[in-house]
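Architecture at a glance
Single-letter residue listing:
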Amino acid sequence: MIEEAIAKKLDVKCFSSNPFRLADLGCSVGPNTFIAMQHIVEAVERKYLAQGLKSEMPEFQVFFNDHVANDFNTLFASLPTERRYFACGVPGSFHGRLFPESSIHFMFSSHALHWLSKVPEELLDKNSPAWNRGRIHYTSGPEKVSHAYAAQFEHDMEIFLSARAKELVVGGMIVLLIPALPNGIPISQSPFGAMFDLLGASLMDMAKEGLISEAEVDSFNLPIHIASPEQMTELVERNECLIIERMEFVDPRSNLFGLINGKECAMFLRASLEGVFAQYFESGIIDQLFDRLSKKIMESSHQLEPVGTLLFVVLRLK
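Residues numbered from 1 in each chain as written. Predicted model: local features only at pLDDT ≥ 70, side-chain atom pairs only at ≥ 80, totals over all residues. Heavy atoms only, no water.

Looking at an unreviewed UniProt entry, one finds the chain named S-adenosylmethionine-dependent methyltransferase and attributed to Vitis rotundifolia.

Dropping the structure here:
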């Protein structure tokens, strides 16, 4: 789908600068980022050839971006030796500017934009109607809680899109893979919501057993918001600098055979969420937390399908 977007919508004739610069926003430590960057480089090379620009084939420079706490040493130690690009690290939050104006030709972000820049402040105020007592997410919370999450997501996305619009060259492209839900489907009816509720229930069980305090659970909230295509469309249109070239769901089950079991589902969630829990709770409880989650999943009536749905978005700078 990325190759198709490049072949149909990326006009490399309008790019005069060399090298061709790409950025992966939220790259983590590999190897997924290397696979994605190599595919994009190859697709752009094919586009240059298709437009009869073999003699103008540029060199490529890839910027790997993530938070300052990201393990860039592991990332760069595992860089592919056969890569066809020059690699750079860019530490910092993508909820703000990262690059000079009009400097990047192609941006990519996968499984990153659902993370909020911070937990909405109202959730931590005991006197607020949005205080999220006994829960770790907005899944089963009051309407005020979900509104606070949505407002924080919209604020973050407005900053993200504004920064990217300044950093892209004219005609530059952004491809996003975002965990999302179809329009009108509440998160409580999704695998996302089911898993977040079971995680919260596991923590509350541990609090009742005295392994952690209830106050710790009350003050912990996952900084994750699951958007809809309608919400994303509205935010992009509000930006006015970017055009939506493509937006559709992709099925994360396409490479899997059948359902996944409780242990596999818990491992999937642990891979992405362990760091957040370890920062807040004692590291000694993490094994037990996800062991309990695995058992709760197996005991629950929820279909053990891959967690959630992915929204594939292609944006282009006007």
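Alright, that's what it looks like, and here's the rest.
1. Details of the environment of S128
Counted only if it meets this: The way it works is that DSSP assigns letters per residue, a run of H or I at least four long becomes a helix, a run of E at least two long becomes a strand, and they are numbered from the N terminus. Counting of polar contacts relies on pairs of N or O atoms within 3.5 Å, with two restrictions inside protein: one atom must be capable of donating a hydrogen and the other of accepting it, and residues adjacent in sequence are counted only when both atoms are side-chain atoms.
Counting through the fold element by element, S128 comes out in the loop between β4 (104-110) and α4 (143-167). At a separation of 3.0 Å, a polar atom in the side chain of S128 contacts the main-chain amide nitrogen of A130.

2. Observations regarding the nonpolar core
A general trend in soluble globular proteins is that nonpolar side chains are found buried together. Definition in use: Among buried residues, the Ala, Val, Leu, Ile, Met, Phe, Trp, Tyr and Cys ones that are joined through side-chain atoms within 4.5 Å form a nonpolar core. Burial classes: relative accessible area under 20% of the type maximum marks a residue as buried, over 50% as exposed, and values in between as partly exposed (1.4 Å probe, protein chains only). The criterion used for residue contact is that any of the two residues' heavy atoms lie within 4.5 Å.
Formed by 69 residues in total, the largest nonpolar core has its most connected members in F99, L203, L242 and F277. If we skip the residues at most four places from it in the chain, F277 touches I136, L199, L203, F220, L222, I286, L289 and F290. Of all hydrophobic cores here, the second largest spans 34 residues; its members include V41, A43, F64 and L79.

3. Focus: the packing of helix α8 (residues 262-280) against helix α9 (residues 286-299)
Note the threshold: To get an axis, fit a line to the C-alpha atoms, keeping to the stretch in contact for a helix; angles then go from 0 to 180 degrees between the N-to-C directions. Handedness of a crossing is defined here by the sense of rotation of the near helix relative to the far one, left-handed for an anticlockwise turn of less than a right angle and right-handed for a clockwise turn. For this classification, the nonpolar set comprises Ala, Val, Leu, Ile, Met, Phe, Trp, Tyr, Cys and Pro, the charged set comprises Asp, Glu, Lys and Arg, and every other residue, Gly included, is treated as polar.
Orientation of α8 relative to α9, taken along the N-to-C sense of each, is 145°, at an axis distance of 9 Å. Crossing handedness for the pair α8 and α9: right-handed. Across the interface between the two elements, G262, K263, C265, A266, L269, R270, E274, F277 and A278 from α8 touch I286, D287, L289, F290, L293, S294, I297 and M298 from α9. Looking at side-chain class alone, the contact of α8 with α9 contains 11 nonpolar, 2 polar and 4 charged residues.

4. Re the sheet that holds strand β5 (residues 168-180)
Whether parallel or antiparallel, the strands of a sheet pair through hydrogen bonds between backbone atoms. Inclusion rule: Any two strands between which DSSP finds at least two bridges are classified as paired.
Strands sit in the order β3-β2-β1-β4-β5-β7-β6 across an open sheet of 7 strands; the sheet is mixed. Both outer strands of the open sheet, β3 (86-91) and β6 (242-250), are each paired with one neighbouring strand and no more. Pairwise comparison of adjacent strand axes, ignoring direction, gives a mean angle of 15° for this sheet. Alignment of strand β1 (residues 20-25) against β4, held across 3 bridges, turns out to be parallel. Looking at β4, one finds that L22 is bridged to F106. Running over the sheet, α4 touches β1, β4, β5, β6 and β7 (309-317) and is turned about 150° from β5.

5. Regarding the pattern of salt bridges
This is how the line gets drawn: Within this document, salt bridges are pairs made up of a side-chain nitrogen of Lys or Arg and a carboxyl oxygen of Asp or Glu, the two lying within 4 Å of each other.
Using the criterion set out here, one finds 18 salt bridges in the structure. Salt-bridge contacts for R164 lead to E167; the nearest nitrogen and oxygen are separated by 2.8 Å. Taken together, the residues span about one helical turn, with R164 and E167 both in helix α4 at a distance of 3 residues. Just as R164 is buried, E167 falls in that class too. In this structure, the salt-bridge partner of E209 is R292, at a minimum N-O distance of 2.6 Å. Pair noted here: E209 is in the loop between α5 (191-208) and α6 (214-218) and R292 is in helix α9, with a separation of 83 residues, a long-range link. Overall, the relative accessible area of 18% leaves R292 in the buried class. Via salt bridges that share partners, E4, K8, R246 and E248 belong to a single interconnected network.

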